[in-house]
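Residues per chain, in single letters:
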Amino acid sequence: MSDNNFAIQTHSLTKRFGRVRALNGVSAHVPTGAIYGLMGPNGAGKTTFVRVMLNLLNPTRGSATVLGHDVVREPVAVRRRVGHVAALQPLWEWMKVSEFTDFVGGCYPQWDPEAASSILSHVGIDPEMKIQALSRGQRAIAALAAAMGHEPDLLLLDEALTGLDPMARREVLRNVIEAMHAQGRTVLITGQDIADMERICDHIGFLVKGRLVLESTLDDLKAKVKRIRVEHERDAEIELPAGALEVEQSPAETSFTTADFSEALPASLAGPNRRVEVRDMSLEDIFVHLAQAELRRGAE
Amino acid sequence: MFDSVDPKSGLPIYLQITEQLRRSVAAGLLLPGDQLPSVRELAARLLVNPNTVAKVYRDLERDGLLETRRGQGTFIAADAAAMAEGERRRLLTGELRAVARDVHAFGLDEEAALDLFRRVLKDEQPGRKDRR
């Protein structure tokens, strides 16, 4: 049994499709109560990861526990306590919204129709509407309502914000934030909109080509990864620290990204006629710089 | 009272919210006894992680700017007015430092810099019509 500190815990998880390793030795830890953003370029393995957690795919090697249950041996126990929303997931077009949520609710002994209908009514979706009459944003909300009615302890949002207009995105985000109010509820979210991730996530995992290259709290990540800019004498030699990324040099300026920042670094670069600037980076810039370095390393 | 947060600015969201709150107190936009939204309300309004808002409230309470009354909510502390003067100085010092670094980098001498600052100060006086 895994301990209760982690809603998801995987150990050397590998999933192969033929010769392709969609997941390659992933050991991930999603703390209970976290909003965990699983990020990565297209094809990094994010959706495969989510599908293994739901036992929609069997791992090739390694193991995974969700809410203390082994995903392969106890898939029913897992699904009973997990809510799942996928990008543009197909819904039953001919059903009314209320029929759809009732239908999904029938699968769960602990279904609370109130939880689902309060999400719908808050955004003004009439339960009597046919699914096919819903806009893309309304569909996302309906899918979220259907995923929340059984009061899941873990919510898996796989690209659930992708392709939504700004209004619908805000509405989904707001619902996720309100859902977090439930004690100990955990959310794992994958997606491309990194600014949204930075808003709501407190933990981040980076997948690149099936490998989890980094896992951290957002605060630690932002404290460790910094952009350093040095103004210096023309054509001076600047000692770059080991592992400097995205180095840009012009005659009197050098900029680089470090993934291992400490106060000792700017001190070591300081000097007369020099000015050292340490900049906070957005999660988006952090992601791009680290992913590029990782992809380059993989290509070598 | 609260602006929106900008996740693209690089500044941690925790700091963005903290600074907005401190600034509002420094400018007298929030007075002792004013009630703040609940953690959940503010998180949903700004679309940020509730834990982030909770941490802002906790840290500002520790600093004496906020106080939590059990069962009632979070309020601007009685001492906040006394702290506002210090806050104003702290905020201005931070922004002037950035300007001072540019003054040195551009090679302006002290007299020219102060002269420029006096002129800008006059331009930005509230109520001046030609202010941009």
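Residues numbered from 1 in each chain as written. Chains lettered and ligands numbered in written order. Predicted model: local features only at pLDDT ≥ 70, side-chain atom pairs only at ≥ 80, totals over all residues.

A.B. asks: Would you take a moment to explain the overall build of chain A for this structure?
C.D. replies: When helices and strands are counted, chain A shows ten helices and 15 strands. The proportion of buried residues among the 300 residues of chain A is 40%. The contacts in chain A between residues at least 6 apart in sequence include a share of 70% that link residues at least 24 apart. (Helix = DSSP H or I, 4+ residues; strand = E, 2+ residues; numbered from the N terminus. Buried ≥ 20, exposed ≤ 12 C-beta atoms within 10 Å, placed from the backbone. Contact = placed C-beta atoms within 7 Å.)

A.B. asks: Just to check I follow, could you spell out unusual backbone geometry for this structure?
C.D. replies: All names here are of chain A. The backbone of Glu159 sits at a positive phi, close to 55 degrees, despite the residue not being glycine. Tracing the backbone shows Glu159 in the loop between strand E8 (154-158) and helix H6 (166-179). What makes Glu159 partly exposed here is the crowd of 19 C-beta atoms within 10 Å. The residue Glu246 is not glycine, and still its phi comes out positive at about 50 degrees. Since 15 C-beta atoms lie within 10 Å of it, Glu246 is described here as partly exposed.

A.B. asks: Any chance you could explain the domain arrangement of chain B here in plain terms?
C.D. replies: In many analyses, interface size is given as the accessible surface area lost on bringing the parts together. Residue and element names in this part refer to chain B. Along its sequence, chain B is carved into domain 1 (7-80) and domain 2 (82-123). Contact with domain 1, which involves nine residues of that partner, is made by six residues of domain 2. Per-element tally for the side of domain 1 that touches domain 2: the top contributor is helix H1 (residues 13-26), with four residues. Tallied by class, residues from the side of domain 1 that touches domain 2 come to four nonpolar, two polar and three charged. (Domains from an automatic or database assignment. Nonpolar A, V, L, I, M, F, W, Y, C, P; charged D, E, K, R; others polar.)

A.B. asks: How do you make sense of the interface of chain B and chain A when you look at a structure like this?
C.D. replies: Between chain B and chain A, the residue contacts involve 16 residues of the former and 22 residues of the latter. For the side of chain B that touches chain A, the secondary structure elements donating two or more residues are helix H2 (39-46) and helix H3 (50-62) of chain B. When the residues that make up the side of chain B that touches chain A are grouped by side-chain class, the tally is ten nonpolar, four polar and two charged.

A.B. asks: Explain the domain arrangement of chain A to me, please; I cannot follow it from the model alone.
C.D. replies: Residue and element names in this part refer to chain A. Here the domain parsing of chain A yields domain 1 (6-218) and domain 2 (221-299). Domain 1 and domain 2 are separated by 36 Å when their C-alpha centres are compared. At the junction of the two partners, domain 1 supplies 15 residues and domain 2 supplies eleven residues. Contributing elements (two or more residues each) for the side of domain 1 that touches domain 2: helix H7 (194-200), strand E10 (203-208) and strand E11 (211-217). Here the residues of the side of domain 1 that touches domain 2 are counted per class, giving eleven nonpolar, two polar and two charged.

A.B. asks: Teacher, can you tell me more about the environment of Ala259 of chain A here?
C.D. replies: Residues and elements named next belong to chain A. Structurally, Ala259 can be placed in the loop between strand E14 (253-258) and helix H9 (264-269). Taking C-alpha positions, Ala259 is 9.0 Å from Arg227, a pair spaced 32 residues apart along the chain. Leave out the neighbours within four places in its chain, and Ala259 touches Lys224, Val225, Gly243, Leu245 and Leu290.

A.B. asks: Help me out: how do you make sense of the sheet that holds strand E12 (residues 226-231) of chain A in this one?
C.D. replies: The strands making up a sheet associate through backbone hydrogen bonding, with each pair oriented either parallel or antiparallel. All names here are of chain A. Spatially, the four strands line up as an open sheet ordered E13-E14-E12-E15, and their pairing is antiparallel. A single partner strand is all that each edge strand has here, and the edge strands are strand E13 (245-250) and strand E15 (275-280). Shown here is a sheet whose adjacent strand axes are inclined to one another by a mean of 15 degrees, direction ignored. Here four bridges tie E13 to E14, and the two strands are oriented antiparallel to one another. Bridge assignment links Leu245 to a residue of E14, and that residue is Thr257. (Pairing = 2+ DSSP bridges. Axes fitted to C-alpha atoms, helices over the stretch in contact; angles between N-to-C directions.)

A.B. asks: How should I be thinking about the nonpolar core in this particular structure?
C.D. replies: Generally speaking, a soluble globular protein has its nonpolar side chains buried in company with each other. Residues and elements named next belong to chain A. If you look at the biggest cluster of nonpolar residues, it comprises 97 residues, and the most contacted ones within it are Val66 and Leu144. Here this core gets nine residues from one element, more than from any other, and that element is helix H5 (residues 136-148). Beyond its immediate sequence surroundings of up to four residues, Leu144 is in contact with Val85, Ile119, Val172 and Asn175. (Core = buried A, V, L, I, M, F, W, Y, C linked by C-beta atoms within 7 Å.)

A.B. asks: Honestly, the pairing of strand E2 (residues 20-26) of chain A in this entry has me stumped. Any pointers?
C.D. replies: Taken residue by residue, a regular strand's side chains alternate between the two faces of the sheet. All names here are of chain A. Relative to E2, strand E1 (residues 6-17) runs antiparallel, the two being bridged by four bridges. Looking at the pairing, Lys15 lines up with Leu23 of E2. Between the antiparallel neighbours E1 and E2 lie two residues, among them Gly18 with a positive phi of about 60 degrees.

A.B. asks: How do you make sense of the packing of H1 of chain B against H3 of chain B when you look at a structure like this?
C.D. replies: The packing of two helices is summarised by the inter-axis angle and the distance between the axes. All names here are of chain B. Running from N to C, H1 and H3 point in directions that differ by 45 degrees, and their axes come no closer than 9 Å. When the axes of H1 and H3 are compared, the pair comes out oblique. For the element pair H1 and H3, the recorded crossing hand is right-handed. Here H1 contributes Ile13, Tyr14, Ile17, Thr18 and Leu21 to the contact with H3, which in turn contributes Thr52, Val53, Lys55, Val56 and Leu60. (Parallel < 35°, antiparallel > 145°, perpendicular 65-115°, else oblique. Left-handed = near helix turned anticlockwise from the far one by under 90°.)

A.B. asks: Help me understand helix H10 (residues 283-299) of chain A, please; the structure alone is not making it clear to me.
C.D. replies: Each α-helix turn comprises 3.6 residues. Residues three or four places apart therefore point the same way. Residue and element names in this part refer to chain A. For H10, built from 17 residues, the straight-helix expectation of 24 Å at 1.5 Å per residue is met to within 8% by its first-to-last C-alpha distance of 24 Å. Among all positions of H10, only Leu283, Ile286, Phe287, Leu290, Ala291 and Glu294 are buried. End-on, the buried residues of H10 take up no more than an arc of 115 degrees, which puts them together on one face. Exposed positions of H10 whose direction lies more than 90 degrees from the buried face are Leu295, Arg296 and Ala299. Those residues of H10 hidden inside the fold are in contact with strand E4 (35-39), H7, E10, E11 and helix H8 (218-224). (Expected span 1.5 Å × (residues − 1). Arc of directions from axis to C-beta.)

A.B. asks: What's the story with the pairing of E13 of chain A in this structure? I'm lost.
C.D. replies: Buried residues are scarce in E13 of chain A, accounting for zero of its six residues. Following E13 of chain A, the chain reverses through two residues before pairing antiparallel with E14 of chain A.

A.B. asks: Even after reading the chapter, I still don't get the environment of Gly10 of chain B, so can you show me in this structure?
C.D. replies: Its location among the elements puts Gly10 of chain B in the segment before H1. The class for Gly10 of chain B is partly exposed, based on 18 C-beta atoms found within 10 Å. The contact partners of Gly10 of chain B, leaving out residues within four places of it in the chain, are Arg279, Asp280, Met281 and Ser282 of chain A.

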